[in-house]
2 protein chains.
Amino acid sequence: MSVLIVGSTALDSIKTPIAENLRLLGGSASYGAVAASFFSPVKMVGVVGEDFPKKFINFYKKHNIDIEGLQIQKGKTFHWVGEYEINMNSRRTISTELGVFENFNPILPPSYKDSSYVVLANISPSLQCNVLDQIKKPKFVAADTMDLWLNIALEELLRLLKRVDLFVLNDSEAKILTKEDNVIKAIKGIHKLGPKYVIVKKGEHGSILSSNNGLFIAPAYPLERVIDPTGAGDSFLGALMGYLASKNGNPISHIRKAIIYGSIVASFCCEGFGLSRLTKINRNLIDERFNRIKKMCLF
Amino acid sequence: MSVLIVGSTALDSIKTPIAENLRLLGGSASYGAVAASFFSPVKMVGVVGEDFPKKFINFYKKHNIDIEGLQIQKGKTFHWVGEYEINMNSRRTISTELGVFENFNPILPPSYKDSSYVVLANISPSLQCNVLDQIKKPKFVAADTMDLWLNIALEELLRLLKRVDLFVLNDSEAKILTKEDNVIKAIKGIHKLGPKYVIVKKGEHGSILSSNNGLFIAPAYPLERVIDPTGAGDSFLGALMGYLASKNGNPISHIRKAIIYGSIVASFCCEGFGLSRLTKINRNLIDERFNRIKKMCLF
């Protein structure tokens, strides 16, 4: 089955303690789509400006991403400028130029409307709802978010949560959303808001899934060197959903492996600036890491 | 096989956001010994003052801890006063009265000298070396430490590390010791200092073992409520070594399970003030959690 992904499509200028790179391909939809493409066909929804480099269009095509839903509009592409601190754990936004993204009105091509697996990558909850409204009968809907929406669009987010199967957020966001300092308690609070599946991401410490099947404590693939963590969370969710769609069974039977695949692809993502490392891997390399981390968890 | 444990034996006054408790039984040896006692016989080495309550002596005996090596000396027992902040992750020492601990000279009773499994719980590295000197032919030696010794007794610690099989420390200590910000790189640096087995503890995020057998990513047992994390690290190492001693085989074959047992006992430790929760559990309850966490890690 194919995966539909909606999110931001952007140009990222990223500074880390090691280097600085300007106007890379970025955005939650770009990372999610490439990550999912290792497992399933992908349909992408997004918007870019007339300045969007042709090479990035070709890049999507090279990864077999269906971009019929990518609007090219008059104006500038969303441009994010950010900087990472020395330990790569904290990120600072230097500037955000929304460009054509400011008035983004996602319109799904007819061929997208019977999608089964839907990734509502990080964009405003009202846009996430808007996309969901256009899909006839989704089988499994996953949504991501960021602290910004918790602060400025909480009501819309709460409305969205009633409609999603899987909600993914990081530990600090889970604590903000539920006002609970304990992650396990926070997860219980999030279930009450709607989603049957909740994943709390903890970066290098892995993630925790909660579902009808209890908790799953998922490891992160250990890395000796992190070059740029931008997009790791988007890649995590994209790969997870790509794997689920490739199985197209009862999600409860496949979601644990899907999470491990998500964290493997996220680990590759961190090993290069922007999407550079993800363009150089394939399913075999992903499966090698999958088998290696499986051995690291046996007891 | 029995486990020999040397460390501090103290009175702890602990304040958390929830409550305050004065002059509880504490110290790295006390926690380690009780935790190990669920798996193997334990011989303890330590020192207390004349003010040490008789009930705590009886407490050790109740847990079948051999206290022939516990010296009772003129003067006061080591008294630590500490406070935890709201999220229980950061701890502040308010006062430390060393008492008889200041001139502690551990002397092993003859019956202790042919111990095979040795836990050098958190005390100064020179005392840890001193104890090791008195043991004829140890089979497996584990040492713990704290940031204080990295700062004031680094040379002694480095001498010790050449003589231990397993070194356990937390992630921030690993970074201080190796001047490496990446945990995986830090572990490699620590192996070069001597120990074949290195465990980096990450609190609620679990721990990482590195050995000839590669990495083992160990989960922590998820808790909804942490009452008091004092002694969790000491309990972790005590239970780990108690389990290894109970198997008395090649450590590489048992150390992964031993780590899981260590984190299970540490999780119970966090659920009560001081040692209070550990006095109310038994091997069955420990095994129940072991089986539960095993299910939480399958994929």
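Nothing here was measured: the structure is a model prediction, and the numbers come from that model.

1. Structural notes on the overall build of chain A
Assigned secondary structure in chain A consists of ten helices and 13 strands. A compact globule built from 299 residues should have a C-alpha radius of gyration of about 19 Å, and chain A, at 18 Å, falls within 12% of that. Counting only C-alpha atoms and orienting by the principal axes, one finds that chain A spans roughly 55 × 45 × 35 Å. A buried classification covers 48% of the 299 residues belonging to chain A.

2. Some details on the pairing of strand 6 (residues 79-84) of chain B
Residues and elements named next belong to chain B. Pairing geometry for strand 2 (residues 10-15) and strand 6, over five bridges, is parallel. Paired with serine 13 across the strands is valine 81, a residue of strand 6. With six bridges connecting them, strand 6 and strand 7 (residues 91-97) associate as antiparallel partners. From the neighbouring strand, histidine 79 faces strand 7, where its bridge partner is glutamate 97.

3. Some thoughts on the relation of the copies chain B and chain A
Of the transformation placing chain B onto chain A, the axial shift is 0.0 Å and the rotation is 180°, giving an RMSD of 0.0 Å. Expressed as an axis order, the relation between the two copies is that of a two-fold axis. When C-alpha distances to the rotation axis are compared across chain B, the minimum falls at B:His205, with a value of 3.0 Å. Interface residue correspondence from chain B to chain A reaches 100%, placing this contact among same-surface, isologous pairings.

4. Topic: the sheet that holds strand 4 (residues 42-49) of chain B
Residues and elements named next belong to chain B. With mixed pairing, the nine strands of this open sheet are ordered in space as 5-4-1-8-9-10-11-12-13. Both edges of this open sheet fall to strand 5 (65-73) and strand 13 (214-218), since each of them pairs with a single strand only. Strand-to-strand twist in this sheet, taken as the mean axis angle between neighbours without regard to direction, amounts to 15°. Strand direction decides the pairing type here: strand 4 and strand 5, joined by seven bridges, are parallel. Paired with lysine 43 across the strands is aspartate 66, a residue of strand 5. Along the sheet, helix 8 (residues 232-247) makes contact with strand 1 (3-6), strand 8 (117-120), strand 9 (140-143), strand 10 (166-170) and strand 11 (197-201), crossing strand 8 at roughly 175°.

5. Looking at the interface of chain B and chain A
Chain B puts 23 residues into the contact, and the matching count from chain A is 23 residues. Residue assignment for the side of chain B that touches chain A shows that the elements contributing at least two residues are helix 7 (183-191), strand 13, helix 9 (251-270) and helix 10 (283-297) of chain B. Here the element with the most residues in the side of chain B that touches chain A is strand 13 of chain B; it accounts for four residues. Among the residues forming the side of chain B that touches chain A, the class breakdown is eleven nonpolar, four polar and eight charged.

6. Focus on the environment of B:Lys196
Within the secondary structure, B:Lys196 is located in the loop between helix 7 and strand 11. Ignoring any residue separated from it by four or fewer positions in sequence, one finds B:Lys196 in contact with B:Asp165, B:Ser211 and B:Asn212.

7. Concerning the packing of helix 6 (residues 171-178) of chain A against helix 7 (residues 183-191) of chain A
Residues and elements named next belong to chain A. In contact at an axis separation of 9 Å, helix 6 and helix 7 are set at 60° when each is read in the N-to-C sense. The pairing of helix 6 with helix 7 is recorded here as oblique in orientation. Crossing geometry of helix 6 relative to helix 7 is assigned as left-handed. Contact with helix 6, carried on its side by Asp171, Ala174, Lys175, Leu177 and Thr178, involves Val183, Ala186, Ile187, Gly189 and Ile190 of helix 7 and no other residues of that element. The residue makeup of the contact of helix 6 with helix 7, split by class, is six nonpolar, two polar and two charged.

8. Digging into the nonpolar core
Grouped burial of nonpolar side chains is what soluble globular proteins tend to show. Ranked by internal contacts, the top residues of the largest apolar core, which has 193 residues, are A:Ile5, A:Ala142, B:Ile5, B:Ala142 and B:Val265. Ignoring any residue separated from it by four or fewer positions in sequence, one finds B:Val265 in contact with B:Ala35, B:Phe38, B:Ser235, B:Phe236, B:Ala239 and B:Ile286.

9. Focus on the confidence of the model for chain A
Confidence in the prediction of chain A, expressed as mean pLDDT, is 96, and 100% of residues score 70 or more. Across the assembled chains, the prediction reports ipTM 0.94 with pTM 0.96.

10. Section: the sheet that holds strand 2 (residues 10-15) of chain A
All names here are of chain A. The four strands are arranged 3-2-6-7 in an open sheet whose pairing can be described as mixed. Two strands in the sheet have a free side with no partner beyond their single neighbour: strand 3 (20-26) and strand 7 (91-97). Strand after strand, the sheet turns through a mean of 20° between neighbouring axes, direction not considered.

11. Things to note about the pairing of strand 12 (residues 207-211) of chain A
Residue and element names in this part refer to chain A. For strand 12, the buried fraction is high: four of the five residues fall into the buried class. Sheet topology note: the strand 11 (residues 197-201)/strand 12 ladder contains four bridges and is antiparallel. Bridge assignment links valine 200 to a residue of strand 12, and that residue is isoleucine 208. Hairpin connection, strand 11 to strand 12: the antiparallel pair is bridged by five residues, and glycine 203 has positive phi, about 55°. Where strand 12 folds back on strand 13 (residues 214-218), the antiparallel hairpin that results is connected by two residues.

12. A word on helix 6 of chain A
All names here are of chain A. Those residues of helix 6 that fall on the buried side of the exposure criterion are Glu173, Ala174 and Leu177. One side of helix 6 carries all its buried residues, which in axial view fall inside an arc of 100°. On the buried face of helix 6, the contacting elements are helix 4 (147-152), strand 10 (166-170), helix 7 and strand 11. Where helix 6 terminates, the next one or two residues include lysine 179, which has phi positive at roughly 55°.

13. Side note on unusual backbone geometry
All names here are of chain A. The backbone of asparagine 64 shows a phi angle near 55°, a positive value even though the residue is not glycine. Relative to the assigned elements, asparagine 64 resides in the loop between helix 2 (54-62) and strand 5 (65-73). The phi dihedral of asparagine 248 falls on the positive side, at around 50°, and the residue is not glycine. Owing to 14 C-beta atoms within 10 Å, asparagine 248 belongs among the partly exposed residues under this scheme.

The rules we used
Residues numbered from 1 in each chain as written. Chains lettered and ligands numbered in written order. Predicted model: local features only at pLDDT ≥ 70, side-chain atom pairs only at ≥ 80, totals over all residues. Helix = DSSP H or I, 4+ residues; strand = E, 2+ residues; numbered from the N terminus. Rg over C-alpha atoms; globule rule 2.2 N^0.38 Å. Buried ≥ 20, exposed ≤ 12 C-beta atoms within 10 Å, placed from the backbone. Pairing = 2+ DSSP bridges. Least-squares fit on C-alpha atoms with pLDDT ≥ 70 in both. Contact = placed C-beta atoms within 7 Å. Axes fitted to C-alpha atoms, helices over the stretch in contact; angles between N-to-C directions. Nonpolar A, V, L, I, M, F, W, Y, C, P; charged D, E, K, R; others polar. Parallel < 35°, antiparallel > 145°, perpendicular 65-115°, else oblique. Left-handed = near helix turned anticlockwise from the far one by under 90°. Core = buried A, V, L, I, M, F, W, Y, C linked by C-beta atoms within 7 Å. pLDDT = per-residue confidence, 0-100. Arc of directions from axis to C-beta.

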